[in-house]
Amino acid sequence: MVACDQGYLCEVCGEEVKNIAESELYLRFVTGQISSQELLGSPERHLQCTPVTAQFIVTPEFTPIDAPGPFNKHDLDDEFVRQQESLLTRGWLRLQELSQLEEAIPLADYPLEEFRSA
Ligand SMILES: [Zn+2]
């Protein structure tokens, strides 16, 4: 078990990101959008603080978030929105799973299967 499980501060609101289950950075990592290097070198952000990403998480367990401004999904291409919803919802469910693991697993095994490097 990792002793240093303390979270990092959210770049947007300044509060601690306590768990990867609420981390936008980890969501982007498990969905193959950033590498592990970028993961370790980027500032943390809550999903709640990044509505443009979080609006694509569509599952009863997640309270829907509406993104303000020009990137609201209702103004985006339908096909793109469908892809993002499918991907980011699966990614979010993966984060919930990871946050409940009893034992730590290698970072390389965090991403959804299709994004794990061999
Ligand atoms: Zn925040």
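Residues numbered from 1 in each chain as written. Predicted model: local features only at pLDDT ≥ 70, side-chain atom pairs only at ≥ 80, totals over all residues.

Turning next to the overall build of the protein chain. Of the regular secondary structure elements, the protein chain holds four helices and two strands. Mapped from its N terminus to its C terminus, the protein chain presents α and β elements in the order β-β-α-α-α-α. For the protein chain, the C-alpha radius of gyration of 14 Å lies close to 13 Å, the compact-globule estimate for 118 residues. Along the first, second and third principal axes, the C-alpha atoms of the protein chain reach 45 × 35 × 30 Å. The contacts of the protein chain with a sequence gap of at least 6 include a subset with a gap of at least 24, amounting to 58%. (Helix = DSSP H or I, 4+ residues; strand = E, 2+ residues; numbered from the N terminus. Rg over C-alpha atoms; globule rule 2.2 N^0.38 Å. Contact = placed C-beta atoms within 7 Å.)

Another aspect to go through is the nonpolar core. Among the nonpolar cores identified, the biggest contains 13 residues, and Tyr26, Leu27, Val30, Ile57, Leu88, Trp92 and Leu95 are the most heavily contacted of them. Taken together, the elements giving at least two residues each to this core come down to helix H1 (24–30) and helix H4 (78–99). Ranked by residues supplied to this core, first place goes to H1 with five residues. Excluding residues within four positions of it along the chain, tyrosine 26 makes contact with Ile20 and Leu95. (Core = buried A, V, L, I, M, F, W, Y, C linked by C-beta atoms within 7 Å. Buried ≥ 20, exposed ≤ 12 C-beta atoms within 10 Å, placed from the backbone.)

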